[in-house]
Every structure is written in structure tokens, then in C-alpha cells.
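For reference, the chains in residue letters:
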Amino acid sequence: MRKFDTKVQHLKYKVLREVARQAWNDTLLQNVIEIPKMIVPGKAPTMRCCVYKERAILGERVKIAMGGDKDNPNIIEVIDIACDECPAAGYEVTDSCRGCLAHRCEDVCKRGAISFDHNHVAHIDKSKCVECGQCAKVCPYFAIVNRKRPCQIACKVKAITINDNKAAAIDNNKCIQCGACVYQCPFGAIMDKSYILNVIDIIKKSENNTKYKVYAIVAPSISSQFTYAKLGQVITGLKKLGFFTVIEAALGADMVAQAESKELAEKGFLTSSCCPAFVQYIKSSFPNLLPLVSHNLSPMAALAQYIKSTDENSKVIFIGPCTAKKAEAQLESVKPYIDAVMTFEELQALYDSKEVDITTLPEDVLDNASYFGRIFARSGGLSDAVAQGLKEQNIEFDLKAIPCDGIEECRVALLKKSKNVLDANFIEGMACVGGCIGGAGCLTHGEKNKAEVDKYGREAFEKTISDAVAVLK
């Protein structure tokens, strides 16, 4: 029964599961040092040079699973001692170099970084190289290549550099906390902080305190996760963990689609505010466009705000695919409504930490959102929902939406808008390729997830946005 895409995810899960298990049993503090040994016993195979280094790295993973560095505001952290297996980044001469007489690489280099050995093979002096790439462009054998690390390739906002210790370093001013580097790092040296202990603490206190109930808001992309079980069993499992009830974030998406379509018609131009990584990208790279971002809260925050307005003693936990949601939950505008955020990876660890086998459970249902709210989970879904919102409210507006699938497409659209050459009046920004179904906190990633989301949307009991939102009034 395969639950994860990669072995790195599975290793991360094992740490989270053990931390959670100890927390449920109130034994975490006395056993925290022993957790690495529990995961990697003395004779267990290791991917590192020795079991001791493996355990040292696991110790750092445990710290991040317990909330990470409190002095670092970023949700994403680098484990330096785990980040030493990738080759040094930058331009390198490969063995394809033929030692030719032309020496075009030398001629084009303005820094004098190219030299040749006795076989006329080129070499690059890293102390002089400025990574301009001109030598690679002129080499007739394509013998010079740019050895970027997987994390650098994954990070489309160029927030990752390599420090003096040859470990990845994250520029918090550029990072949008999308988690792309987390998923792509082959050694799991980059992780997102976990607040699983907060979730456990909230649930345990609710069991001993009848004054408040714990609500779970689940992202619509859950329909493409936990493929080894049925969605209804996933919902029953949440209640077995101690949640009072489970509500679809898709209902919040219906609320946002209705309000955002009206706001768009009033203002004439908007960018979406649903994806926190996209909004953070605008703040850091296109601050002049901030006034164009929708003033609506995200579906997560909008629904949590509603829950807290109807039950002031409630605790609300969001469960989804997104690492950036953990950062969003700490914003002053959102903090009053969201008590903790957990990814699907962490939910799997939570189930197994209490030995909840969801495949054996009866099915519960989620039926309080429309098709349009549910398809927010994939790229293009928000634009379709806004179009439907305009239609249902009889608002005359010529919608020209541009769904941006991934942060690179977002950059192009925002750049065009900043130069007043964008032929659109609504930018749907999704930082992850595919939309939320491509989030770093997913158990599985792939094209099939889009079909699962659309199928889930068609199963919605409420057929229109207005019908879904009507239950709130």
C-alpha cells in the first residue's frame, strides 16, 4: 500500500508519526532524543556515510517536526548537515570538452575565468566566474553546463543560493514559502515546519474541556489524496481523531467566488487572493500591484471567520496541500480565525500515530459546497467559479480571466500588467503547477489528480454557488 510519491516523503512521515505518537502519550519530552534511534536502529541501513550522521540529521528533522527555529519567521528551513551531497552549483566543464583550437569560451569570458591545461581542456576558476553563462553559449560541443541543484531549479523566484558551507540558503525576502524546494530536494534537506504538536494539544484539551469544539476545514484537493481509501473514510477518520466536525474549504471557496466576482465588477480589474504564495510573490516582486489584489480573505480564512462568528469557543484547524497556508495563518488578518494548519502528509502521520486505519472505517459525507467551490483545487477552477458568480448574481461584466498555472506563468502575467500590456481583467494566480493539487504537502502529485477533483466536483450536492452559500444565512 503506497501512500507517498517518494522515500524522502516517507522518511519525513516516519519522524512526524513518532513525534505525534509520543505527544499523544505525553512522553515526548523524555523520549525526544531517542526518536532518531527508534527510526534508525543500530543495524538499520542508512543513506548516509554512517548511522551516526543519519541520526544527527534525524534529530534536526525532529526539531522541525516540533515547530522548528522560533527565531526564523520562514516556514521553510534548511538542514545544513543534510545538504552536502549535491554537486557545487554553477558552470562546469564536462568531459565533452575536446580541447579545440578556437577557444571561444576563453575569448567571450570578460573575467578571465577560463584557463586550459596541457591537454588544452578548459577549466573554470570559480573565484573569477560570475555565472554569466556566455562560455556555455559559445561552446560548439555544449561541453559547459550549468549545474544547478534541484532546489534551485525548483525555486522559480530565485530565493535559494549556496552558502560558504556549500549548503542551500533561503532568502526570506524572496521566498514565497510554496514548498517546491521541499518536495524536490532528493535528500530531504529542506523541510517545512510542522505544527502537528499544536493540533494534538488542541484536540487533547477539547477532550477534557466541553466548552469548545474542534473544527476541521479540509481543502478540496483532499479528493485526490489518500487514494488507498475512500474519501468518506478519511472524513470518519478525522472525527475518530477527535474533531467535532469536518467542513469543506470549498464552501469558503463558494463564499469567495460570490464576493470576488462582485468586487471584480466594481473595480474592473483584480488578481486573486486565494493562494498565499501568489500574494506573497506580489508583495515581494510586484509591490506596485498590491492595490489590485482582491480584498477578500482566502477560502480557508473566510470559512474559519464564519465558523468563529457562529461558535466563539471553536478551534479551527485547516488541512490541505499547502505549506504557504502555514505562513498565511500567522498573518494578523488571519490569525484570529485559524488555530493551526496541517498538510495531508501530516494528517497521514496523525492517523498512524493513533493507529487509526481509515480503510476499516465506515464512510461519512461532505456535501456542503458546490461544484464550483470544489474545483478551486485545480488551475482554472477559480476563474470558472468567478464567471459563475457573475452569472448567478446577474452582473453584466465582460470577464477576461487569465489562469496562471505555476509561479512562472504568474510572473509573466504580472509583468505584463505592470507594463499595461495584459489583455485580461482578472489574474488567477496559483503558485504550484496544476494548482493546489500540486502543493508540496500532498501525499501524491500527478495529472490524475485534476480528474479526481473534477469528478469530486460533479458529485457536489449543491449545484450552484448561491445554493451552497445559502446554507450560511
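Along each chain, numbering runs from 1 in the same order as the chain's sequence is written. With pLDDT at 70 or above as the cut-off, local features in this predicted model cover only qualifying residues; side-chain atom pairs require 80 or more to be listed or tallied, and sums for whole chains, interfaces and linings still use all residues. With hydrogens and water set aside, each side-chain value is computed from the structure's full complement of heavy atoms.

## Let's talk about the packing of helix H1 (residues 7–24) against helix H4 (residues 51–65)
This is how the line gets drawn: All axes are obtained by fitting lines to C-alpha atoms, using only the stretch in contact for helices, and the reported angles, taken between N-to-C directions, cover 0 to 180 degrees. Helix numbers and strand numbers start at the N terminus; a helix is a DSSP run of H or I with at least 4 residues, a strand a run of E with at least 2. Oblique is the label for every angle not falling under 35 degrees (roughly parallel), over 145 degrees (roughly antiparallel), or within 65 to 115 degrees (roughly perpendicular). By definition, turning the near helix anticlockwise from the far helix through less than a right angle yields a left-handed crossing, and turning it clockwise yields a right-handed one. In what follows, a contact means two residues having at least one pair of non-hydrogen atoms within 4.5 Å. Just so you know the grouping, Ala, Val, Leu, Ile, Met, Phe, Trp, Tyr, Cys and Pro go in nonpolar, Asp, Glu, Lys and Arg go in charged, and all remaining residues, Gly too, go in polar.
Look at H1 against H4: their axes get within 10 Å of each other, and the N-to-C directions meet at 60°. One element, H1, and the other, H4, form an angle in the oblique class. The hand of the H1/H4 crossing is right-handed. Together, Leu11, Val15, Leu16 and Val19 of H1 and Leu58, Arg61, Val62 and Ala65 of H4 make up the contact between the two elements. A per-class count over the contact of H1 with H4 returns 7 nonpolar, no polar and 1 charged.

## A word on the packing of aromatic side chains
For clarity, the cut-off: Pairing of aromatic side chains here covers Phe, Tyr and the six-membered ring of Trp, requires ring centres within 6.5 Å, and sorts the geometry by plane angle: under 30 degrees stacked, over 60 edge-to-face, intermediate tilted. Here's how the labels work: a residue is buried when its accessible area is under 20% of the maximum for its type, exposed when over 50%, partly exposed in between, all with a 1.4 Å probe on protein chains only. Here, a charge over a ring is recorded when the distance from Lys NZ or Arg CZ to the ring centre is within 6 Å and its angle to the ring normal is within 35 degrees.
If you walk through the whole model with that rule in mind, you get 6 aromatic pairs. Summarising the aromatic geometry, the rings of Phe226 and Phe344 are spaced 6.1 Å apart at their centres and angled 85° between planes, so their arrangement reads as edge-to-face. Within this pair, whereas Phe226 is found in the loop between strand E9 (214–218) and helix H10 (231–241), its partner Phe344 is found in helix H15 (residues 344–353), the two being separated by 118 residues in sequence. A relative accessible area of 2% places Phe226 in the buried class. The interplanar angle of 70° and the centroid separation of 5.8 Å between the aromatic rings of Tyr281 and Phe286 together place this pair among those described as edge-to-face. By the burial criterion, Tyr281 is buried, and Phe286 matches it. The ring of Tyr456 has Arg374 sitting right over it, with the charged end atom 3.8 Å from the ring centre.

## Observations concerning the side chain of Asp352
By secondary structure assignment, the location of Asp352 is in helix H15. In contact with Asp352, not counting residues within four places along its chain, are Lys3, Tyr13, Arg17 and Arg21.

## Observations concerning the sheet that holds strand E15 (residues 426–430)
Just so we agree on the cut-off: Here, strands pair whenever DSSP counts at least two bridges between them.
One open sheet accounts for 3 strands, arranged E11-E15-E14; its pairing is parallel. Two strands close off the open sheet at either side, each with one partner strand: strand E11 (270–271) and strand E14 (401–405). In terms of strand pairing, E14 meets E15 through 5 bridges, oriented parallel. In the sheet register, Pro403 faces E15, and the bridge partner there is Glu428. Each of E14 and E15 is contacted by helix H17 (residues 381–392), which is oriented at about 145° to E15, the strand it contacts most.

## Some details on the packing of helix H9 (residues 196–207) against H15
For the pair H9 and H15, interaxial distance at closest approach is 11 Å and the crossing angle is 50°. The orientation of H9 relative to H15 falls into the category oblique. With respect to the hand of their crossing, H9 and H15 are arranged in right-handed fashion. Of H15, the residues touching H9 (which contributes Ile196, Val199 and Ile200) are Glu346, Ala349 and Leu350.

## Thoughts on helix H11 (residues 249–267)
Note the threshold: The length a helix should cover is 1.5 Å for every residue beyond the first.
An ideal rise of 1.5 Å per residue puts 27 Å on 19 residues; H11 measures up with 26 Å between its terminal C-alpha atoms. For H11, a buried count of 14 out of 19 residues is recorded, marking the element as mostly surrounded by other parts of the structure.

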